[in-house]
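If you want the building blocks of each chain, they are given just below.
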Amino acid sequence: MKKKDAACTIKYKNYAVITEEKKECCELSCPINIHPSGTSLTILNKEKEEQLFSLDKVFAPTVSQKEVFEEVADFVQSAIDGYNVCLFSYGQTGSGKTHTMQGCGNADMRGIIPRAVELILDSLKGRSGWDFTLEASFLEIYNEELKDLLVAVPNSPWDSASTNNSTDGSDSRKALKNMNDKNKLSIKKNTDGRTYVKHLRHVPIDTTNATSGMATLENVMTCAARSRSVAFTHMNATSSRSHSVFSLHIRGTNLENGLVARGTLNLCDLAGSERLDRSNHDLSTPEGMARLKETQSINKSLSTLGDVFGALSAGSSHVPYRNSKLTYLLQDCLGGDGKALMFVNLSPTVESSFESLCSLRFAQRVNQVELGRATRDVSQGSSSGGGTTATSASPS
């Protein structure tokens, strides 16, 4: 029998992260003013009037990556106990979402993903009487198509099927493309009603040796970064053209009574919202048409995310999860059983004040959503929990 233990009532939290994007954005020109409380800010609208927004926390451009992560560490760690947990980064293109989630290097500039995995590995050391397994997956949603970011890269270090018989790697790229075409990803439900992605690769993370586990994670992130769809636009030279979802699948077995706790930590770097008049795509070229299609797909899926939050806030009997791959994939977290938190990334430049205002209004809508009582996923027995090591996810 499946057992779910009730926990505290969860409300969507909102954190504003303001990036230090341009040198000319000084105190005199920045349209955003952070209040001393650290939980509210004002922003100038197009009429040059100040609008006030209250959030759970506002991070100034001078705040370190470590300080940002410490604010959400307990939230992240609850996935160990069997909760479906989701953290979004939302905002316009170029506002620092990918930097917040992934960061760079192995020191102070590391983002939430490496810090979260490091924290969880460290936390498992103190869980006596439990045996834990961790598996990582990384996908993107590009033009409403799911793409495994860990399959498309030649010579993935954990992939024995990845061989490179040509000097330029073309053979392995061709083989992996064929693998992607053959094993097309699709969102499914297992017998317990949990969402999983069929054919999505799960990479084991060593829980007995943190150094080894973090080295695997570094390979995962490197491969994903090389595979993700990015392109130049007039708003961002390296604009992410897809939503990316890093998932850490956690399974803990109590060695005394056989109880199995299954939690998932989803860390989502959403593609940036984008105004077509600022993107300035050249529609007379194939590249310009491709960027236009991407922008329309991104904006549509973000609009659907807003519709889902709106339906949840209103207590609607129908929530349109299936209207986009993003919301359907994350339904377990967005619904009443899960926990969710949103970072709103803001660019401090005057040119971006309209987009920042829209992002803050979106955050305000999200903050009205009451998820209800989050529940743990705890079962008796040896259910597989929706994943197969290093190959594909499958139903239990």
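Our subject is the structure that appears above.
All of these numbers come straight from a predicted model, not from anything done at the bench.

What counts, and where the lines are drawn
- Residues numbered from 1 in each chain as written.
- Predicted model: local features only at pLDDT ≥ 70, side-chain atom pairs only at ≥ 80, totals over all residues.
- Heavy atoms only, no water.
- Core = buried A, V, L, I, M, F, W, Y, C linked by side-chain atoms within 4.5 Å.
- Buried < 20%, exposed > 50% of the residue type's maximum accessible area, 1.4 Å probe, protein only.
- Helix = DSSP H or I, 4+ residues; strand = E, 2+ residues; numbered from the N terminus.
- Salt bridge = Lys/Arg side-chain N within 4 Å of Asp/Glu carboxyl O.
- Phe/Tyr/Trp six-rings, centres within 6.5 Å; stacked < 30°, edge-to-face > 60°.

Trainee: Describe the nonpolar core, naming the residues involved and giving the relevant values.
Mentor: One finds Leu41, Phe88 and Leu330 to be the most contacted residues of the largest nonpolar core, which totals 49 residues. Element by element, the count of residues in this core is highest for helix α7 (residues 286-314), at seven residues. With 43 residues, the next largest nonpolar core counts Val76, Met101, Leu124 and Leu217 among its residues.

Trainee: Tell me about the pattern of salt bridges, residues and numbers included.
Mentor: Under the definition given, this model contains 10 salt bridges. For glutamate 118, the salt bridge goes to arginine 110, with nearest N and O atoms at 3.2 Å. For arginine 110, a relative accessible area of 14% gives the class buried. Overlapping salt bridges bring together Asp192, Arg194, Arg262 and Asp377 as one network.

Trainee: Any chance you could break down the packing of aromatic side chains for me, citing the residues and the numbers?
Mentor: By the definition in use, this model includes five aromatic pairs. Taking 6.0 Å as the distance between ring centres and 25° as the angle between the ring planes, the aromatic pair formed by tryptophan 130 and phenylalanine 132 counts as stacked. Since its relative accessible area comes to 8%, phenylalanine 132 is described here as buried. Note on phenylalanine 138 and phenylalanine 246: the rings are 5.4 Å apart at their centroids and 70° apart in plane angle, and the pair reads as edge-to-face. On the criterion of sequence distance, the pair formed by phenylalanine 138 in strand β9 (residues 130-142) and phenylalanine 246 in strand β16 (residues 243-254) is long-range, its members being 108 residues apart. Phenylalanine 138 gets classed as buried once you look at its relative accessible area, which sits at 1%. Here phenylalanine 246 falls in the buried class, since its relative accessible area comes to 0%. Put simply, the rings of Tyr90, Phe309 and Phe362 touch in pairs and so form one group of aromatic residues.

Trainee: Describe in detail unusual backbone geometry, supporting the description with residues and values.
Mentor: Positive phi is not limited to glycine here, since glutamate 144 has a value of about 65°. Inspection of the secondary structure assignment puts glutamate 144 in the loop between β9 and β10 (145-148). Judged by its relative accessible area of 24%, glutamate 144 is partly exposed. Phi at histidine 199 takes a positive value of approximately 75°, unusual for a residue other than glycine. Here histidine 199 shows up in the loop between β12 (195-198) and β13 (203-205).

Read these as spatial facts, not as claims about activity.
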